There are 2 protein chains.
Amino acid sequence: MRLPRCHGPLLRGLNLPWAKALGGGVTREYGTGEIFHQMGDRVDALHYVLEGHVVAKAVTPEGVERYVLGFLPGTIFGQSPFFNRAPAETLFVSVGHTVAVALGRDYIYGEVAQRHPSLLLNLLESDAYRHRVFGRHIADATLRDLETRLCRFILHLVTEASDPVPVEQALTDAAAEVHARTGDEGAEGPADCSARCHSGASALFSHPGLTHEDVARYLGLHRVTVSNLLGGLRRAGVLGQFNRKVIEVCDGAELVARAGMSGDGDRWP
Amino acid sequence: MRLPRCHGPLLRGLNLPWAKALGGGVTREYGTGEIFHQMGDRVDALHYVLEGHVVAKAVTPEGVERYVLGFLPGTIFGQSPFFNRAPAETLFVSVGHTVAVALGRDYIYGEVAQRHPSLLLNLLESDAYRHRVFGRHIADATLRDLETRLCRFILHLVTEASDPVPVEQALTDAAAEVHARTGDEGAEGPADCSARCHSGASALFSHPGLTHEDVARYLGLHRVTVSNLLGGLRRAGVLGQFNRKVIEVCDGAELVARAGMSGDGDRWP
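Position numbers for residues start from 1 in each chain and track the written sequence from start to end. Just so you know, chain letters begin at A and ligand numbers begin at 1, following the order they were written in. It should be noted that, the model being predicted, local features are given only for residues of pLDDT at least 70 and side-chain atom pairs only at 80 or more, the latter also being counted only at that level, while totals for whole chains, interfaces and linings use all residues. As a rule here, side-chain values cover all heavy atoms of the structure and leave hydrogens and water aside.

### Some points on the sheet that holds strand β11 (residues 239-242) of chain A
All names here are of chain A. How we decide: In short, DSSP must find at least two bridges between two strands for them to pair. A run of H or I in DSSP becomes a helix once it reaches four residues, and a run of E becomes a strand once it reaches two; helices and strands are each numbered from the N terminus. Structural elements are reduced to axes, namely lines fitted to C-alpha atoms, with helices fitted over the stretch in contact, and the angle between N-to-C directions of any two is expressed from 0 to 180 degrees.
An order of β10-β12-β11 is seen for the three strands of this open sheet, with the pairing classed as antiparallel. Looking at strand neighbours, the two that pair on one side only are β10 (203-206) and β11, the edges of this open sheet. Adjacent strand axes in the sheet meet at a mean angle of 15 degrees, parallel and antiparallel pairs treated alike. Looking at chain direction, β11 and strand β12 (residues 246-249) are connected through two bridges and run antiparallel. Paired with Leu239 across the bridge in β12 is Val249.

Listed below in C-alpha coordinates is the structure:
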(Lines give C-alpha, C1' and ligand atoms only; values in the text may rest on other atoms or scores of the structure.)
Protein backbone atom coordinates (compact mmCIF):
# COMPACT_ATOMS: atom_id res chain seq x y z
CA MET A 1 0.00 0.00 0.00
CA ARG A 2 1.01 3.61 -0.46
CA LEU A 3 1.41 5.11 2.99
CA PRO A 4 -0.17 8.53 3.58
CA ARG A 5 2.23 11.43 4.15
CA CYS A 6 2.46 12.56 7.72
CA HIS A 7 3.90 15.97 8.64
CA GLY A 8 6.47 15.99 11.39
CA PRO A 9 9.48 17.74 12.84
CA LEU A 10 12.13 16.64 10.31
CA LEU A 11 12.18 19.17 7.49
CA ARG A 12 13.55 18.40 4.05
CA GLY A 13 13.87 20.48 0.87
CA LEU A 14 11.65 23.31 2.05
CA ASN A 15 13.98 26.02 0.73
CA LEU A 16 15.35 24.55 -2.49
CA PRO A 17 14.79 27.82 -4.44
CA TRP A 18 17.57 29.34 -2.29
CA ALA A 19 20.11 27.27 -4.23
CA LYS A 20 20.50 30.23 -6.61
CA ALA A 21 21.45 32.60 -3.75
CA LEU A 22 24.03 30.43 -1.98
CA GLY A 23 26.88 32.20 -3.78
CA GLY A 24 26.40 35.07 -1.32
CA GLY A 25 27.20 32.80 1.63
CA VAL A 26 30.05 30.84 3.22
CA THR A 27 30.12 27.03 2.98
CA ARG A 28 31.60 24.92 5.80
CA GLU A 29 31.66 21.32 7.04
CA TYR A 30 30.59 20.41 10.57
CA GLY A 31 31.39 17.23 12.53
CA THR A 32 29.17 15.14 14.81
CA GLY A 33 28.01 17.18 17.78
CA GLU A 34 29.43 20.43 16.45
CA ILE A 35 27.37 23.40 17.54
CA PHE A 36 26.12 26.11 15.17
CA HIS A 37 24.43 28.27 17.81
CA GLN A 38 24.33 27.95 21.59
CA MET A 39 21.22 28.79 23.59
CA GLY A 40 21.48 32.51 24.32
CA ASP A 41 23.53 33.33 21.21
CA ARG A 42 22.60 36.21 18.95
CA VAL A 43 22.13 34.74 15.49
CA ASP A 44 23.07 36.91 12.51
CA ALA A 45 23.07 34.31 9.76
CA LEU A 46 20.65 31.85 8.21
CA HIS A 47 22.12 28.41 7.45
CA TYR A 48 21.16 26.30 4.44
CA VAL A 49 21.79 22.54 4.85
CA LEU A 50 23.51 20.96 1.83
CA GLU A 51 24.17 17.57 3.48
CA GLY A 52 23.48 16.01 6.85
CA HIS A 53 21.05 16.53 9.75
CA VAL A 54 20.95 19.46 12.15
CA VAL A 55 18.65 19.60 15.18
CA ALA A 56 17.25 22.51 17.16
CA LYS A 57 17.44 21.18 20.71
CA ALA A 58 15.98 22.60 23.92
CA VAL A 59 17.76 21.77 27.16
CA THR A 60 16.24 22.52 30.55
CA PRO A 61 18.33 23.56 33.56
CA GLU A 62 17.70 20.02 34.83
CA GLY A 63 19.39 18.64 31.70
CA VAL A 64 16.33 17.23 29.94
CA GLU A 65 16.92 17.39 26.18
CA ARG A 66 14.22 17.85 23.60
CA TYR A 67 14.56 17.97 19.81
CA VAL A 68 12.24 20.72 18.62
CA LEU A 69 12.94 20.48 14.87
CA GLY A 70 15.32 18.63 12.56
CA PHE A 71 16.77 20.13 9.37
CA LEU A 72 17.65 17.92 6.42
CA PRO A 73 19.16 18.91 3.04
CA GLY A 74 17.53 21.79 1.18
CA THR A 75 16.25 23.45 4.36
CA ILE A 76 17.21 26.71 6.09
CA PHE A 77 17.60 26.83 9.87
CA GLY A 78 18.12 29.55 12.45
CA GLN A 79 15.16 31.57 11.11
CA SER A 80 13.54 32.17 14.52
CA PRO A 81 16.48 33.74 16.39
CA PHE A 82 17.65 35.46 13.17
CA PHE A 83 14.38 37.26 12.45
CA ASN A 84 13.36 37.59 16.09
CA ARG A 85 16.72 39.29 16.88
CA ALA A 86 16.55 37.73 20.33
CA PRO A 87 18.91 35.20 21.94
CA ALA A 88 18.50 31.69 20.55
CA GLU A 89 16.19 29.59 22.71
CA THR A 90 17.43 26.33 21.30
CA LEU A 91 20.83 24.85 20.60
CA PHE A 92 21.55 24.09 16.92
CA VAL A 93 23.80 21.06 16.61
CA SER A 94 25.00 18.77 13.84
CA VAL A 95 23.90 15.13 14.09
CA GLY A 96 26.66 13.37 12.14
CA HIS A 97 28.54 15.06 9.30
CA THR A 98 26.89 18.18 7.91
CA VAL A 99 27.70 20.67 5.16
CA ALA A 100 25.96 24.05 5.46
CA VAL A 101 26.06 27.52 3.92
CA ALA A 102 25.89 30.61 6.20
CA LEU A 103 24.01 33.63 4.76
CA GLY A 104 24.59 36.88 6.69
CA ARG A 105 22.07 39.51 7.79
CA ASP A 106 23.37 42.25 5.47
CA TYR A 107 23.02 39.92 2.52
CA ILE A 108 19.47 38.82 3.46
CA TYR A 109 18.13 42.30 4.30
CA GLY A 110 20.02 43.87 1.39
CA GLU A 111 20.54 41.97 -1.83
CA VAL A 112 18.10 39.11 -1.20
CA ALA A 113 15.22 41.40 -0.12
CA GLN A 114 15.77 43.78 -3.04
CA ARG A 115 16.64 41.35 -5.82
CA HIS A 116 14.96 38.09 -4.78
CA PRO A 117 11.72 38.90 -2.90
CA SER A 118 10.48 35.50 -4.14
CA LEU A 119 12.99 33.92 -1.74
CA LEU A 120 11.38 35.81 1.15
CA LEU A 121 8.04 34.44 -0.01
CA ASN A 122 9.66 30.98 -0.02
CA LEU A 123 10.79 31.52 3.59
CA LEU A 124 7.25 32.54 4.50
CA GLU A 125 5.93 29.42 2.80
CA SER A 126 8.38 27.14 4.62
CA ASP A 127 7.60 28.95 7.85
CA ALA A 128 3.92 28.27 7.29
CA TYR A 129 4.75 24.60 6.92
CA ARG A 130 6.69 24.70 10.18
CA HIS A 131 3.74 26.35 11.89
CA ARG A 132 1.59 23.53 10.69
CA VAL A 133 4.05 21.02 12.12
CA PHE A 134 4.11 22.85 15.47
CA GLY A 135 0.34 23.17 15.58
CA ARG A 136 -0.09 19.44 15.04
CA HIS A 137 2.56 18.68 17.57
CA ILE A 138 0.78 20.75 20.22
CA ALA A 139 -2.55 19.13 19.46
CA ASP A 140 -1.06 15.63 19.37
CA ALA A 141 0.84 16.11 22.62
CA THR A 142 -2.37 17.22 24.31
CA LEU A 143 -4.87 14.91 22.72
CA ARG A 144 -3.13 11.73 21.54
CA ASP A 145 -1.73 8.71 23.35
CA LEU A 146 1.91 7.69 23.10
CA GLU A 147 1.52 4.84 20.62
CA THR A 148 -0.49 7.05 18.25
CA ARG A 149 2.20 9.73 18.46
CA LEU A 150 4.96 7.20 17.78
CA CYS A 151 3.08 5.70 14.81
CA ARG A 152 2.63 9.21 13.36
CA PHE A 153 6.33 9.89 13.82
CA ILE A 154 7.23 6.64 12.04
CA LEU A 155 4.90 7.49 9.15
CA HIS A 156 6.56 10.90 9.03
CA LEU A 157 10.01 9.31 8.89
CA VAL A 158 9.18 6.89 6.11
CA THR A 159 7.07 9.23 3.96
CA GLU A 160 8.54 12.71 4.45
CA ALA A 161 11.92 12.59 6.14
CA SER A 162 13.48 9.64 4.31
CA ASP A 163 16.87 10.03 2.74
CA PRO A 164 16.58 10.11 -1.03
CA VAL A 165 18.06 6.61 -1.18
CA PRO A 166 16.05 4.15 -3.22
CA VAL A 167 14.47 1.42 -1.14
CA GLU A 168 16.52 -1.06 -3.19
CA GLN A 169 19.66 0.58 -1.90
CA ALA A 170 18.37 0.56 1.67
CA LEU A 171 17.61 -3.13 1.25
CA THR A 172 21.11 -3.85 0.01
CA ASP A 173 22.68 -1.82 2.82
CA ALA A 174 20.54 -3.51 5.44
CA ALA A 175 21.33 -6.90 4.00
CA ALA A 176 25.05 -6.13 3.99
CA GLU A 177 24.84 -5.01 7.61
CA VAL A 178 23.04 -8.18 8.68
CA HIS A 179 25.48 -10.24 6.63
CA ALA A 180 28.47 -8.53 8.27
CA ARG A 181 26.95 -9.13 11.70
CA THR A 182 25.81 -12.74 11.32
CA GLY A 183 28.39 -13.94 8.81
CA ASP A 184 25.71 -15.76 6.89
CA GLU A 185 22.42 -15.22 5.16
CA GLY A 186 20.16 -16.53 7.88
CA ALA A 187 16.58 -15.76 8.79
CA GLU A 188 17.36 -12.01 8.84
CA GLY A 189 19.56 -12.15 5.76
CA PRO A 190 19.20 -10.22 2.53
CA ALA A 191 17.37 -12.86 0.53
CA ASP A 192 14.71 -13.06 3.20
CA CYS A 193 14.41 -9.26 3.52
CA SER A 194 14.07 -8.89 -0.23
CA ALA A 195 11.58 -11.69 -0.47
CA ARG A 196 9.37 -10.21 2.18
CA CYS A 197 9.67 -6.73 0.68
CA HIS A 198 9.06 -7.76 -2.90
CA SER A 199 6.11 -9.91 -1.89
CA GLY A 200 4.48 -6.73 -0.62
CA ALA A 201 4.18 -8.23 2.83
CA SER A 202 6.61 -5.69 4.23
CA ALA A 203 8.65 -2.71 3.05
CA LEU A 204 11.97 -1.29 4.15
CA PHE A 205 12.53 2.43 4.36
CA SER A 206 15.77 4.30 4.84
CA HIS A 207 15.65 7.26 7.25
CA PRO A 208 18.02 9.94 8.56
CA GLY A 209 19.76 7.53 10.91
CA LEU A 210 17.82 8.06 14.12
CA THR A 211 18.43 5.96 17.24
CA HIS A 212 15.62 5.12 19.69
CA GLU A 213 17.13 7.88 21.86
CA ASP A 214 16.77 10.38 18.98
CA VAL A 215 13.14 9.34 18.45
CA ALA A 216 12.52 9.80 22.18
CA ARG A 217 14.04 13.30 22.04
CA TYR A 218 11.82 14.27 19.12
CA LEU A 219 8.70 13.03 20.93
CA GLY A 220 9.57 14.25 24.43
CA LEU A 221 9.51 10.71 25.84
CA HIS A 222 12.00 8.48 27.63
CA ARG A 223 14.16 6.17 25.52
CA VAL A 224 12.81 3.15 27.37
CA THR A 225 9.24 4.17 26.57
CA VAL A 226 10.05 4.38 22.86
CA SER A 227 11.82 0.99 22.89
CA ASN A 228 8.89 -0.59 24.72
CA LEU A 229 6.38 0.88 22.29
CA LEU A 230 8.47 -0.29 19.33
CA GLY A 231 8.61 -3.75 20.92
CA GLY A 232 4.83 -3.75 21.15
CA LEU A 233 4.47 -2.76 17.49
CA ARG A 234 6.93 -5.51 16.52
CA ARG A 235 5.07 -8.17 18.52
CA ALA A 236 1.80 -7.02 16.95
CA GLY A 237 3.33 -7.58 13.49
CA VAL A 238 3.15 -3.89 12.55
CA LEU A 239 6.87 -3.22 12.36
CA GLY A 240 9.96 -5.38 11.75
CA GLN A 241 13.41 -3.87 12.08
CA PHE A 242 13.93 -0.37 13.45
CA ASN A 243 17.58 0.53 13.51
CA ARG A 244 19.76 3.43 12.41
CA LYS A 245 19.66 2.27 8.79
CA VAL A 246 16.15 1.10 8.08
CA ILE A 247 12.60 0.88 9.30
CA GLU A 248 10.68 -2.19 8.18
CA VAL A 249 6.93 -1.74 7.92
CA CYS A 250 5.21 -5.16 7.93
CA ASP A 251 1.59 -4.03 8.13
CA GLY A 252 1.19 -0.57 6.63
CA ALA A 253 -2.59 -0.52 6.98
CA GLU A 254 -2.33 -1.27 10.70
CA LEU A 255 0.39 1.37 11.14
CA VAL A 256 -1.88 3.94 9.47
CA ALA A 257 -4.81 2.87 11.60
CA ARG A 258 -2.78 3.09 14.81
CA ALA A 259 -1.61 6.56 13.75
CA GLY A 260 -5.26 7.61 13.71
CA MET A 261 -5.06 8.45 10.02
CA SER A 262 -6.85 7.37 6.91
CA GLY A 263 -4.95 5.58 4.14
CA ASP A 264 -5.70 8.20 1.50
CA GLY A 265 -3.89 11.20 2.88
CA ASP A 266 -2.80 13.29 5.77
CA ARG A 267 -5.73 14.12 7.99
CA TRP A 268 -6.12 16.59 10.81
CA PRO A 269 -6.19 16.28 13.67
CA MET B 1 7.41 45.83 41.08
CA ARG B 2 7.75 45.79 37.31
CA LEU B 3 6.61 42.39 36.12
CA PRO B 4 8.83 40.61 33.59
CA ARG B 5 7.38 40.18 30.09
CA CYS B 6 6.22 36.70 29.31
CA HIS B 7 5.64 35.56 25.73
CA GLY B 8 2.39 33.78 25.05
CA PRO B 9 -0.26 32.96 22.50
CA LEU B 10 -2.04 36.34 22.33
CA LEU B 11 -0.31 38.43 19.68
CA ARG B 12 -0.51 42.22 19.56
CA GLY B 13 0.99 44.84 17.24
CA LEU B 14 3.37 42.45 15.51
CA ASN B 15 2.60 43.79 12.03
CA LEU B 16 2.09 47.52 12.58
CA PRO B 17 4.27 48.46 9.55
CA TRP B 18 1.52 46.97 7.35
CA ALA B 19 -0.65 49.98 8.19
CA LYS B 20 0.75 51.66 5.06
CA ALA B 21 -0.38 48.80 2.80
CA LEU B 22 -3.96 48.40 4.06
CA GLY B 23 -5.30 50.55 1.21
CA GLY B 24 -4.87 47.49 -1.03
CA GLY B 25 -7.34 45.49 1.09
CA VAL B 26 -11.01 45.31 2.02
CA THR B 27 -12.14 46.38 5.51
CA ARG B 28 -15.11 44.66 7.22
CA GLU B 29 -16.68 44.30 10.66
CA TYR B 30 -17.29 40.90 12.24
CA GLY B 31 -19.65 40.01 15.09
CA THR B 32 -19.16 37.66 18.05
CA GLY B 33 -18.57 34.11 16.86
CA GLU B 34 -18.36 35.09 13.20
CA ILE B 35 -16.04 32.80 11.28
CA PHE B 36 -13.25 34.05 8.99
CA HIS B 37 -12.06 30.60 7.86
CA GLN B 38 -13.44 27.13 8.56
CA MET B 39 -11.17 24.15 9.10
CA GLY B 40 -10.50 22.77 5.62
CA ASP B 41 -10.96 26.10 3.83
CA ARG B 42 -8.44 27.28 1.27
CA VAL B 43 -7.24 30.69 2.46
CA ASP B 44 -6.34 33.26 -0.20
CA ALA B 45 -6.14 36.36 1.96
CA LEU B 46 -4.20 37.61 4.96
CA HIS B 47 -6.26 39.51 7.53
CA TYR B 48 -4.99 42.46 9.55
CA VAL B 49 -6.83 43.07 12.86
CA LEU B 50 -7.73 46.75 13.40
CA GLU B 51 -9.93 46.14 16.47
CA GLY B 52 -11.01 43.12 18.52
CA HIS B 53 -9.77 39.61 19.19
CA VAL B 54 -9.64 36.70 16.72
CA VAL B 55 -8.65 33.16 17.72
CA ALA B 56 -7.24 30.28 15.72
CA LYS B 57 -9.08 27.33 17.21
CA ALA B 58 -8.51 23.60 16.75
CA VAL B 59 -11.48 21.29 17.20
CA THR B 60 -11.12 17.51 17.38
CA PRO B 61 -13.74 15.13 15.98
CA GLU B 62 -14.68 14.52 19.63
CA GLY B 63 -15.47 18.23 19.98
CA VAL B 64 -12.56 19.26 22.21
CA GLU B 65 -11.71 22.89 21.47
CA ARG B 66 -8.26 24.36 21.76
CA TYR B 67 -7.19 27.99 21.16
CA VAL B 68 -3.89 27.79 19.31
CA LEU B 69 -3.23 31.53 18.92
CA GLY B 70 -5.04 34.80 19.57
CA PHE B 71 -4.75 37.87 17.33
CA LEU B 72 -5.14 41.36 18.77
CA PRO B 73 -4.96 44.74 16.99
CA GLY B 74 -1.97 45.35 14.71
CA THR B 75 -1.49 41.66 13.95
CA ILE B 76 -1.96 39.66 10.76
CA PHE B 77 -3.62 36.24 10.86
CA GLY B 78 -4.17 33.39 8.42
CA GLN B 79 -0.49 33.32 7.46
CA SER B 80 -0.09 29.55 7.84
CA PRO B 81 -2.89 28.35 5.52
CA PHE B 82 -2.24 31.31 3.17
CA PHE B 83 1.45 30.61 2.60
CA ASN B 84 1.14 26.85 3.02
CA ARG B 85 -1.59 26.79 0.31
CA ALA B 86 -3.16 23.87 2.15
CA PRO B 87 -6.57 23.60 3.81
CA ALA B 88 -6.77 25.53 7.10
CA GLU B 89 -6.15 23.27 10.08
CA THR B 90 -7.74 25.66 12.52
CA LEU B 91 -10.93 27.67 12.61
CA PHE B 92 -10.48 31.47 12.68
CA VAL B 93 -13.27 33.09 14.65
CA SER B 94 -14.03 36.52 16.09
CA VAL B 95 -14.27 36.74 19.88
CA GLY B 96 -16.51 39.76 20.33
CA HIS B 97 -16.65 42.60 17.81
CA THR B 98 -13.73 42.72 15.37
CA VAL B 99 -12.71 44.99 12.50
CA ALA B 100 -10.26 43.44 10.03
CA VAL B 101 -8.75 44.17 6.61
CA ALA B 102 -8.49 41.34 4.03
CA LEU B 103 -5.40 41.44 1.75
CA GLY B 104 -5.61 39.13 -1.28
CA ARG B 105 -2.98 36.79 -2.72
CA ASP B 106 -2.46 38.74 -5.94
CA TYR B 107 -1.81 41.89 -3.96
CA ILE B 108 0.66 40.17 -1.56
CA TYR B 109 2.60 38.24 -4.23
CA GLY B 110 2.48 41.16 -6.63
CA GLU B 111 2.58 44.73 -5.39
CA VAL B 112 3.64 44.02 -1.81
CA ALA B 113 6.49 41.65 -2.78
CA GLN B 114 7.76 44.01 -5.47
CA ARG B 115 7.27 47.40 -3.83
CA HIS B 116 7.39 46.61 -0.08
CA PRO B 117 9.81 43.71 0.52
CA SER B 118 10.32 45.20 4.00
CA LEU B 119 6.75 44.08 4.81
CA LEU B 120 7.72 40.51 3.89
CA LEU B 121 10.67 40.86 6.27
CA ASN B 122 8.19 42.11 8.91
CA LEU B 123 6.05 38.99 8.34
CA LEU B 124 9.17 36.84 8.76
CA GLU B 125 9.99 38.70 11.96
CA SER B 126 6.49 38.25 13.37
CA ASP B 127 6.57 34.61 12.29
CA ALA B 128 9.83 34.18 14.19
CA TYR B 129 8.11 35.54 17.27
CA ARG B 130 5.25 33.09 16.79
CA HIS B 131 7.74 30.25 16.49
CA ARG B 132 9.22 31.32 19.77
CA VAL B 133 5.77 31.27 21.35
CA PHE B 134 5.09 27.78 19.95
CA GLY B 135 8.48 26.47 21.02
CA ARG B 136 7.90 27.66 24.58
CA HIS B 137 4.44 26.27 24.58
CA ILE B 138 5.69 22.81 23.57
CA ALA B 139 8.42 22.86 26.18
CA ASP B 140 6.07 24.14 28.89
CA ALA B 141 3.38 21.60 28.07
CA THR B 142 5.94 18.80 28.36
CA LEU B 143 8.03 20.03 31.24
CA ARG B 144 5.95 22.34 33.45
CA ASP B 145 3.17 21.73 35.95
CA LEU B 146 -0.26 23.29 35.55
CA GLU B 147 0.11 26.09 38.11
CA THR B 148 3.40 27.20 36.53
CA ARG B 149 1.75 27.25 33.10
CA LEU B 150 -1.21 29.26 34.40
CA CYS B 151 1.08 31.76 36.16
CA ARG B 152 3.03 32.22 32.92
CA PHE B 153 -0.17 32.78 31.01
CA ILE B 154 -1.32 35.40 33.53
CA LEU B 155 2.04 37.20 33.29
CA HIS B 156 1.63 37.08 29.52
CA LEU B 157 -1.85 38.59 29.75
CA VAL B 158 -0.84 41.45 32.02
CA THR B 159 2.50 42.31 30.40
CA GLU B 160 2.08 41.54 26.69
CA ALA B 161 -1.53 41.02 25.77
CA SER B 162 -3.13 43.83 27.75
CA ASP B 163 -5.40 46.25 26.00
CA PRO B 164 -3.72 49.61 25.60
CA VAL B 165 -6.02 51.00 28.30
CA PRO B 166 -4.22 52.80 31.13
CA VAL B 167 -4.44 50.97 34.43
CA GLU B 168 -6.23 54.04 35.82
CA GLN B 169 -8.95 53.46 33.26
CA ALA B 170 -9.14 49.76 34.08
CA LEU B 171 -9.47 50.71 37.74
CA THR B 172 -12.33 53.11 37.03
CA ASP B 173 -14.09 50.56 34.81
CA ALA B 174 -13.72 47.81 37.39
CA ALA B 175 -14.95 50.10 40.11
CA ALA B 176 -17.95 51.08 38.02
CA GLU B 177 -18.72 47.43 37.38
CA VAL B 178 -18.53 46.57 41.08
CA HIS B 179 -20.57 49.66 41.91
CA ALA B 180 -23.22 48.68 39.41
CA ARG B 181 -23.33 45.15 40.82
CA THR B 182 -23.30 45.92 44.53
CA GLY B 183 -24.98 49.30 44.51
CA ASP B 184 -22.48 50.60 47.01
CA GLU B 185 -18.76 51.05 47.49
CA GLY B 186 -18.17 48.07 49.75
CA ALA B 187 -15.11 45.92 50.38
CA GLU B 188 -14.65 45.38 46.63
CA GLY B 189 -15.52 48.96 45.73
CA PRO B 190 -13.46 51.48 43.85
CA ALA B 191 -11.98 53.35 46.83
CA ASP B 192 -10.62 50.09 48.17
CA CYS B 193 -9.28 48.93 44.78
CA SER B 194 -7.55 52.26 44.25
CA ALA B 195 -6.11 52.31 47.74
CA ARG B 196 -4.66 48.83 47.38
CA CYS B 197 -3.32 49.56 43.91
CA HIS B 198 -1.82 52.93 44.76
CA SER B 199 -0.24 51.56 47.92
CA GLY B 200 1.73 49.21 45.72
CA ALA B 201 0.27 46.24 47.52
CA SER B 202 -1.65 45.15 44.44
CA ALA B 203 -2.13 46.21 40.85
CA LEU B 204 -5.02 45.91 38.44
CA PHE B 205 -4.48 45.07 34.80
CA SER B 206 -6.93 45.21 31.95
CA HIS B 207 -6.81 42.30 29.49
CA PRO B 208 -8.59 41.22 26.29
CA GLY B 209 -11.69 40.08 28.17
CA LEU B 210 -11.01 36.38 28.65
CA THR B 211 -13.27 34.13 30.68
CA HIS B 212 -11.94 31.17 32.70
CA GLU B 213 -13.20 29.02 29.82
CA ASP B 214 -11.11 31.04 27.34
CA VAL B 215 -8.02 30.66 29.54
CA ALA B 216 -8.67 26.91 29.70
CA ARG B 217 -8.93 26.74 25.91
CA TYR B 218 -5.63 28.58 25.50
CA LEU B 219 -3.89 26.22 27.95
CA GLY B 220 -5.55 22.98 26.85
CA LEU B 221 -7.07 22.41 30.29
CA HIS B 222 -10.58 21.97 31.67
CA ARG B 223 -12.41 25.09 32.82
CA VAL B 224 -12.80 23.61 36.31
CA THR B 225 -9.04 23.05 36.55
CA VAL B 226 -8.38 26.70 35.70
CA SER B 227 -10.96 27.94 38.21
CA ASN B 228 -9.50 25.68 40.92
CA LEU B 229 -5.96 26.86 40.20
CA LEU B 230 -7.11 30.50 40.25
CA GLY B 231 -8.84 29.81 43.58
CA GLY B 232 -5.57 28.47 44.96
CA LEU B 233 -3.65 31.53 43.80
CA ARG B 234 -6.29 33.76 45.38
CA ARG B 235 -6.17 31.93 48.72
CA ALA B 236 -2.36 32.14 48.66
CA GLY B 237 -2.63 35.93 48.29
CA VAL B 238 -1.04 35.94 44.82
CA LEU B 239 -4.08 37.13 42.86
CA GLY B 240 -7.20 39.09 43.72
CA GLN B 241 -9.92 39.53 41.10
CA PHE B 242 -9.84 37.67 37.81
CA ASN B 243 -12.80 38.52 35.66
CA ARG B 244 -13.47 39.58 32.07
CA LYS B 245 -12.40 43.16 32.81
CA VAL B 246 -9.42 43.01 35.11
CA ILE B 247 -6.78 40.84 36.69
CA GLU B 248 -5.60 41.95 40.12
CA VAL B 249 -2.07 40.95 41.02
CA CYS B 250 -1.58 41.13 44.81
CA ASP B 251 1.89 39.62 45.07
CA GLY B 252 3.81 40.14 41.84
CA ALA B 253 7.04 38.64 43.20
CA GLU B 254 5.26 35.43 44.17
CA LEU B 255 3.47 35.28 40.78
CA VAL B 256 6.84 35.60 39.03
CA ALA B 257 8.36 32.94 41.28
CA ARG B 258 5.48 30.53 40.66
CA ALA B 259 5.87 31.13 36.92
CA GLY B 260 9.43 29.84 37.28
CA MET B 261 10.83 33.15 36.03
CA SER B 262 13.22 35.73 37.37
CA GLY B 263 11.99 39.26 38.08
CA ASP B 264 14.37 40.91 35.66
CA GLY B 265 13.15 39.54 32.36
CA ASP B 266 11.76 36.73 30.36
CA ARG B 267 13.80 33.61 30.82
CA TRP B 268 13.89 30.37 28.95
CA PRO B 269 12.84 27.73 29.57
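### Some words on the sheet that holds strand β2 (residues 26-30) of chain A
All names here are of chain A. Just so we agree on the cut-off: When checking whether two residues touch, look at their non-hydrogen atoms; a contact exists if any pair is within 4.5 Å.
Across the sheet, four strands lie side by side as β2-β9-β4-β7; this open sheet has antiparallel pairing. With partners counted over all chains shown, the strands left at the sheet margins are β2 and β7 (76-77), one partner each. Pairing of β2 with strand β9 (residues 98-104), which is carried by five bridges, proceeds in the antiparallel orientation. When the sheet's bridge partners are listed, Thr27 is paired in β9 with Val101. Where helix α2 (residues 105-115) meets the sheet, it contacts β4 (45-51) and β9, and its direction lies at approximately 60 degrees from that of β9.

### Overview of the pattern of salt bridges
This is how the line gets drawn: For this document, the term salt bridge refers to a Lys or Arg side-chain nitrogen within 4 Å of an Asp or Glu carboxyl oxygen. Think of it in three bands: with a 1.4 Å probe and only protein chains considered, a residue is buried below 20% of the maximum accessible area for its type, exposed above 50%, and partly exposed in between.
One pass over the full model with this rule turns up 24 salt bridges over all chains. The closest approach of N and O atoms between B:Arg132 and A:Glu89, which form a salt bridge, is 3.1 Å. Residue B:Arg132 is located in helix α3 (residues 117-143), and its partner A:Glu89 is located in the loop between α1 (79-84) and β8 (91-94); the two belong to separate chains. Each member of the pair B:Arg132 and A:Glu89 is classed as buried. In this structure, B:Glu65 and B:Arg217 form a salt bridge, with 3.4 Å as the shortest nitrogen-oxygen distance. Of this pair, B:Glu65 sits in strand β6 (residues 65-71) while B:Arg217 sits in helix α7 (residues 212-219); the two residues are 152 residues apart in sequence, bridging distant segments of the chain. Owing to a relative accessible area of 23%, B:Arg217 belongs among the partly exposed residues under this scheme. Each of A:Lys57, A:Glu65, A:Glu213 and A:Arg217 takes part in salt bridges that share partners, so that together they form one network.

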